[in-house]
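# What the coordinates show
These are the residues of each chain, in order.
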Amino acid sequence: MTEPNMFSSAPDIPAAQPGKHSVHSGNSHRFPQASIAVSSAADETGLPRPLNAGLKYLRHMIEAVREALASGDAEQARSVLRKNWLRLILESHTGELEQLCLAHPDPHDPHILLIRACCRDLSGDPYGAEFLRGQGLRVASDDFVVCFTDLLLAPDTSTKAVIADRARHALSQCEQEDDYPSALFLLGWTEVRLRRDLPRAIALLRSASEEARLQSRAETLRLAQSNLAFALTHAGAFTEAEQILDGLPSREAASDWERFEGGLPQSNRGCIAFWRGDFEEAIAQFDSIIVEGSPGTDFEALARLYLVMSLIALSREDRYHYAALLLRGVSTADKHGIPWDTLRRVTTAWLAHAQRQDEQARRIARPALARTGAAVAHALLAELYRVLGDPVPATQALRLATSAGLPRYALVSTLVTSAALSSISGHGLQAHEQLDRALEAAIPERILAPFLADDPVIVDLLNAHAIRGSRHHGLLRTILERRNQLSALLVGVLTEREKEILAYLRTAMTADEIAAHLGIAYPTVKTHIRSIYRKLGVTKRRDAVQAADSR
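What counts, and at which threshold
- Residues numbered from 1 in each chain as written.
- Predicted model: local features only at pLDDT ≥ 70, side-chain atom pairs only at ≥ 80, totals over all residues.
- Heavy atoms only, no water.
- Helix = DSSP H or I, 4+ residues; strand = E, 2+ residues; numbered from the N terminus.
- Buried < 20%, exposed > 50% of the residue type's maximum accessible area, 1.4 Å probe, protein only.
- Contact = heavy atoms within 4.5 Å.
- 1 Å grid on protein atoms, 1.4 Å probe; cavity = no way out; pocket = protein on both sides within 12 Å on 5 of 7 lines; lining within 4 Å.
- Points joined across faces, edges and corners; volume = space filled by probe spheres on them.
- Nonpolar A, V, L, I, M, F, W, Y, C, P; charged D, E, K, R; others polar.
- Salt bridge = Lys/Arg side-chain N within 4 Å of Asp/Glu carboxyl O.
- pLDDT = per-residue confidence, 0-100.
- Axes fitted to C-alpha atoms, helices over the stretch in contact; angles between N-to-C directions.
- Parallel < 35°, antiparallel > 145°, perpendicular 65-115°, else oblique.
- Left-handed = near helix turned anticlockwise from the far one by under 90°.
- Core = buried A, V, L, I, M, F, W, Y, C linked by side-chain atoms within 4.5 Å.

## Overview of the overall build of the protein chain
- Counting its regular elements, the protein chain contains 28 helices and 0 strands.
- Across the 551 residues of the protein chain, 54% fall into the buried class.
- Taking as baseline every contact in the protein chain between residues at least 6 positions apart, the subset at least 24 positions apart corresponds to 67%.

## Re empty space enclosed by the protein
- Here the structure, examined in full by the defined rule, presents 2 cavities of 30 Å³ or more.
- Here the largest cavity defines a volume of roughly 160 Å³.
- Together, 13 residues line the largest cavity, and Leu302, Tyr306, Leu343, Val376 and Leu380 are the ones closest to its centre.
- With 4 residues, helix 15 (residues 298-313) is the single largest residue contributor to the lining of the largest cavity.
- A per-class count over the lining of the largest cavity returns 10 nonpolar, 2 polar and 1 charged.
- Forming the walls of the second largest cavity are Arg195, Phe230, Asp298, Phe299, Leu302, Ile338 and Trp340.
- In terms of residues, the lining of the second largest cavity owes the most to one element, helix 15, which gives 3 residues.
- Across the lining of the second largest cavity, the residue classes break down as 5 nonpolar, no polar and 2 charged.

## Some points on the environment of Thr348
- By secondary structure assignment, the location of Thr348 is in helix 17 (residues 340-354).
- Sequence separation between Thr348 and Val308 is 40 residues; the distance between their C-alpha atoms is 8.5 Å.
- Aside from chain neighbours lying at most four places away, what touches Thr348 is Leu327 and Ile364.

## Brief notes about the pattern of salt bridges
- Applying the stated rule across the entire model yields 38 salt bridges.
- Taking the shortest distance from any N to any O, the salt bridge between Arg66 and Glu96 comes out at 3.9 Å. Of this pair, Arg66 sits in helix 1 (residues 49-70) while Glu96 sits in helix 3 (residues 94-103); the two residues are 30 residues apart in sequence, bridging distant segments of the chain.
- What makes Arg66 partly exposed here is its relative accessible area of 39%.
- According to the relative accessible area criterion, Glu96 is partly exposed, its value standing at 31%.
- Between Arg345 and Asp341 there is a salt bridge; the shortest N-O distance is 3.4 Å. Separated by 4 residues within a single helix, Arg345 and Asp341 lie in helix 17, roughly one turn from each other.

## Here's the deal with the confidence of the model for the protein chain
- Confidence in the prediction of the protein chain, expressed as mean pLDDT, is 84, and 86% of residues score 70 or more.
- Predicted confidence in the protein chain is weakest over helix 12 (residues 256-261), with a mean pLDDT of 74, and strongest over helix 20 (residues 391-401), with 97.
- Segment residues 18-48: pLDDT under 50, and 67 contacts once partners within four positions in sequence are set aside and those in other chains are kept.

## Focus on the packing of helix 9 (residues 198-214) against helix 10 (residues 218-235)
- Where helix 9 meets helix 10, the closest approach of the two axes is 9 Å, and the angle between their N-to-C directions is 160 degrees. The orientation of helix 9 with respect to helix 10, classified from their angle, is roughly antiparallel. Of the two elements, helix 9 crosses helix 10, and the hand of that crossing is left-handed. Taking contact as the criterion, the partners of Leu198, Ile202, Leu205, Arg206, Ala208, Ser209, Ala212 and Arg213 in helix 9 are, on helix 10, Thr220, Leu221, Ala224, Gln225, Asn227, Leu228, Ala231, Leu232, His234 and Ala235.
- Grouping the amino acids of the contact of helix 9 with helix 10 by side-chain chemistry returns 11 nonpolar, 5 polar and 2 charged.

## Re unusual backbone geometry
- Of note in this structure, Ser92 is not a glycine but carries a positive phi near 70 degrees.
- Assignment of secondary structure puts Ser92 in the loop between helix 2 (74-90) and helix 3.
- Of note, Ser315 is a non-glycine position whose phi angle comes to about 50 degrees, a positive value.
- Mapped onto the elements of the fold, Ser315 is located in the loop between helix 15 and helix 16 (320-328).
- For Ser315, a relative accessible area of 17% corresponds to the buried category.

## So, the nonpolar core
- Of all hydrophobic cores here, the largest spans 161 residues; its most connected members are Phe148, Trp257 and Phe451.
- Once residues lying within four places of it in the same chain are set aside, the contact partners of Trp257 are Ile89, Leu90, Leu122, Leu152, Phe185, Leu186, Trp189 and Leu223.
- In this structure, Ile501, Leu518, Leu536 and Ala547 belong to the second largest nonpolar core, which totals 18 residues.

The following block contains the structure:
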């Protein structure tokens, strides 16, 4: 397996018709590229000049609609709304936009209904959005408003993909009354969630950033850059993503779009921290944006999933009940192209395993083997099945994960899992070759998490690899040092199952007899015993009992 060359080419960006828009046609969308700076120069209002100019335009536009409505010029009001609705949504005027739509003398106009549907969706009312969208679909499918409201509202991946292709064509046919910069951002936003072609998504968001900059749309630029950082993060380009995140201007309060997305910058930073093995930092980032009882959609939902995996990595049993509650709040249906059900299942199965409910973990995880389009989830699922001692479904999950291009961190995960499976099956040479390839893939972005599992197979493989010698001894040394740091955090912190087995170690029962008495597999008991020895800093049964008694 070789790492896919995800950024070898830059797809063409749909441009508006010549003469109708100021369209950037250079190479700003090629990978890699530094983030686009937002001017911080302020005018007499204290706001950055581009931001203040944008606010003045939107206020003027809103007043123009109100005046047109007051004078009975419904067609003028409709025309202004049609041109600016998407920008109003992106720049946090969703409530005012819906009120303008409601004030229109023809509230059943198809465009007005479709715009209201988007307002409802961003306001957390998916049912209202669905009903209004159905009422509004009385216009040709290639109509600009129809195309981009559909792009925002389409629930499932396959439908969203078809509409995204239609939207791409619509962008190349933009008229003067169409909002090209906002639409370009929305197409890039959609392609990130579809994850069918991350290089294209990255190129689109680069182009959206540049177009917003050229037209002094500071808020659209900020959203495009934030989503570009997300795309880069999930493509495995952590370093550039961090550079963009560091350069993002802040807001005193979350915008309508940010509330809709749910904590994007913190979610990005938390994901990077997780895959780099800094689980404490990941937990801090995710805790800052998760609101218990919230709908659990988009980035806040992603933060929930990664928070649970971070808690498991640190054996934070005191928070497992809270973790289970958070997972119940994650959608079981795909939304905006994201396979939430698969992601939720895999994470919930990991939590069940962490709570020593392995049969429940298998039951929860099984349907995920019948789904496609979730490479990262399937990489984590492969490792779960490997830890559960189920090599056949582990291999099946690996095939699902590697059936398409993998981001670097998922590639590292699959290689580590493959190395462990090879080691277990007695193919030592192959295991070391796979581990060395995992180390090589991990180096550019310092990906450590897949090597840090509290698992004896991984421990033995890493130690043997260090003795055997590796071309990547520097990273291997970093991994072993990080493992020691995590072990120090967990010293003496035995899980409930380990405490149970430690009690039997005080008796004359053999490991076989303990396994039979507890109704679990013999290798599982041996794994727990080795974990007990490691946490207590001993190598013998009698020493483990004495160490436990002295604490």
